[in-house]
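# Structural overview
Residue strings, one per chain:
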Amino acid sequence: MPSTLVADSVHAGYDSAPVLRDVSVDLTPGGVTVLVGPNGSGKSTLLRTLARLHDPTAGAVTVDGEDAGRLRGRELARRLAFLPQGSPIPAGLTVRELVGHGRYAHRGALGRVRAHDHDAVDWALEVTGTTAFAGRHVDGLSGGERQRAWIAMVLAQQTGVLLLDEPTTYLDLRYQVEVLALVRSLADEHGITVGLVLHDLNQAAAYADQVVVLSDGTVLASGTPDQVLTGATIETAFGLPVHVVAHPLTGRPTCLPYGSPAPAAMAS
Ligand SMILES: Nc1ncnc2c1ncn2[C@@H]1O[C@H](COP(=O)(O)OP(=O)(O)O)[C@@H](O)[C@H]1O
Ligand SMILES: [Mg+2]
């Protein structure tokens, strides 16, 4: 059975400033859920709250039916892996060493590496197509290779849920599609429940089972790309007029912006 990750009426913020207000999200089990929304709308805060790196001030996050707040660090890390936005490039580490860091939650007493840790690392390298450069240093890789190495690291954690914050940002189009195809295969071939943040609405439409639109810390809409990616919803969220057409080859919604942003959106 694929893993489940559910946020139920979650509120969260920083010090006294609330960011997320009454957010309920149910990641598609064994599928791909894409979070979209304007800068500052709370996407990263939501992902961190789902990963329990950030405590909700109200509401609950549930992993496989269990309150995530009650799970200890290692127990949670065996169920859920999270790749933050723009992770720094580690100097002097090989790809295999980086991916090995994904095993920390599984190591035995004294942090000993066991045979199944090596198997998990080999599997993660294989799935992400990084085996061929496992011995190279991470800082000498291209952007796309490096991003796949990072994803291999969180995959080595062998969790049922994977959360990725903007895994395609700063990649050229080819590498973006490469990472998105990898994400799709993690759900389709390995039954992993994936939640990720993307900026490109057309890529969200092409790769998501479920799209969640965040606006000013609340869920403006959630559902299939067809249900959610309408001109009215996008215009409300981004303050920009958008014409939505069916992609000529796939039939998926395709957003064509036109005109000028509304003044309020330009200010944020
Ligand atoms: N560590 C932090 N401390 C205080 N405020 C923060 C912090 N991180 C984010 N915020 C604020 O929370 C809001 C949502 O930010 P974020 O979740 O990063 O949005 P997004 O990922 O959608 O761009 C913004 O107003 C941002 O300034
Ligand atoms: Mg963010």
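Predicted model, so just to flag it, every value in this text is computed and none were measured.

With that settled, consider the overall build of the protein. Counting secondary structure elements, the protein contains ten helices and twelve strands. In terms of overall dimensions, the protein is globule-like: its C-alpha atoms have a radius of gyration of 19 Å, near the 18 Å expected for 268 residues. The C-alpha extent of the protein, read off along each of the three principal axes, is 55 × 40 × 35 Å. For the protein, contacts bridging at least 24 residues in sequence account for 64% of all contacts bridging at least 6. When the accessible surface of the protein is summed, it comes to about 12,500 Å², and 53% of that surface belongs to carbon and sulfur atoms. Averaging the positions of the 20 positive and the 27 negative side-chain charges in the protein gives two centres separated by 8 Å.

Our next topic: the coordination of the magnesium ion (ligand 2). Here the magnesium ion (ligand 2) is held by the protein donor atoms Ser-44 (OG) and Gln-85 (OE1), which lie 2.1 to 2.5 Å from it. Taken together, the positions of Ser-44 in helix α1 (residues 43-50) and Gln-85 in the loop between β6 (80-83) and α3 (95-100) put the pair 41 residues apart, joining distant regions of the chain. On the basis of relative accessible area, Gln-85 is assigned to the partly exposed category, the value being 40%.

The immediate surroundings of ligand 1 are formed by Tyr-14, Val-19, Pro-38, Asn-39, Gly-40, Ser-41, Gly-42, Lys-43, Ser-44, Thr-45 and Arg-48. Taking Gly-40, its main chain carries an N or O atom lying 2.8 Å from an oxygen atom of ligand 1. Residue Lys-43 places a side-chain N or O atom 2.8 Å away from an oxygen atom belonging to ligand 1. In isolation ligand 1 offers 560 Å² of accessible surface; the protein chains occlude 55% of this area. Of the residues assigned to the shell around ligand 1, the class counts are three nonpolar, six polar and two charged.

Quick look at the packing of helix α5 (residues 143-155) against helix α6 (residues 173-190) now. Axis separation between α5 and α6 bottoms out at 9 Å; the angle between their running directions is 20°. Here α6 runs roughly parallel to α5, going by the angle between their axes. The chirality of how α5 crosses α6 is right-handed. For the pair α5 and α6, the contacting residues are Gly-144, Gln-147, Arg-148, Ile-151 and Leu-155 in the first and Tyr-175, Glu-178, Val-179, Leu-182 and Leu-186 in the second. Split by residue class, the contact of α5 with α6 holds six nonpolar, two polar and two charged.

The next subject is the environment of His-243. If you trace the backbone, His-243 turns up in strand β11 (residues 242-246). Between the C-alpha atoms of His-243 and Ser-41, which are 202 residues apart in sequence, the distance is 22 Å. Not counting chain neighbours up to four residues away, the residues in contact with His-243 comprise Thr-254, Cys-255, Leu-256 and Tyr-258.

Let's shift gears to the pattern of salt bridges. As a working rule, side chains carrying opposite charge can pair if their charged atoms are close by. Going through the model one piece at a time under the given rule, you end up with eleven salt bridges. Taking the shortest distance from any N to any O, the salt bridge between Asp-117 and Arg-103 comes out at 2.9 Å. Of the two residues, Asp-117 sits in helix α4 (residues 115-127) while Arg-103 sits in the loop between α3 and α4, which places them 14 residues apart along the sequence. Judged by relative accessible area, Asp-117 falls into the buried class, the value being 1%. Here Arg-174 and Glu-178 are joined by a salt bridge, their closest N and O atoms 3.4 Å apart. Here Arg-174 pairs with Glu-178, and both are found in helix α6, just four residues apart, close to one helical turn. On the basis of relative accessible area, Arg-174 is assigned to the exposed category, the value being 59%. Judged by its relative accessible area of 22%, Glu-178 is partly exposed.

The rules we used
Residues numbered from 1 in each chain as written. Chains lettered and ligands numbered in written order. Predicted model: local features only at pLDDT ≥ 70, side-chain atom pairs only at ≥ 80, totals over all residues. Heavy atoms only, no water. Helix = DSSP H or I, 4+ residues; strand = E, 2+ residues; numbered from the N terminus. Rg over C-alpha atoms; globule rule 2.2 N^0.38 Å. Contact = heavy atoms within 4.5 Å. Areas by Shrake-Rupley, 256 points an atom, 1.4 Å probe, with all protein chains shown as cover. Lys, Arg positive; Asp, Glu negative; His and termini not counted. Charge placed at Lys NZ, Arg CZ, Asp CG, Glu CD. Donors = N, O, S within 2.8 Å, 3.2 Å for Na, K, Ca; no water. Buried < 20%, exposed > 50% of the residue type's maximum accessible area, 1.4 Å probe, protein only. Near = heavy atom within 4 Å. Polar contact = N/O pair within 3.5 Å; in protein donor to acceptor, adjacent residues only side chain to side chain. Nonpolar A, V, L, I, M, F, W, Y, C, P; charged D, E, K, R; others polar. Axes fitted to C-alpha atoms, helices over the stretch in contact; angles between N-to-C directions. Parallel < 35°, antiparallel > 145°, perpendicular 65-115°, else oblique. Left-handed = near helix turned anticlockwise from the far one by under 90°. Salt bridge = Lys/Arg side-chain N within 4 Å of Asp/Glu carboxyl O.

These values are about where atoms sit, not about what they do.
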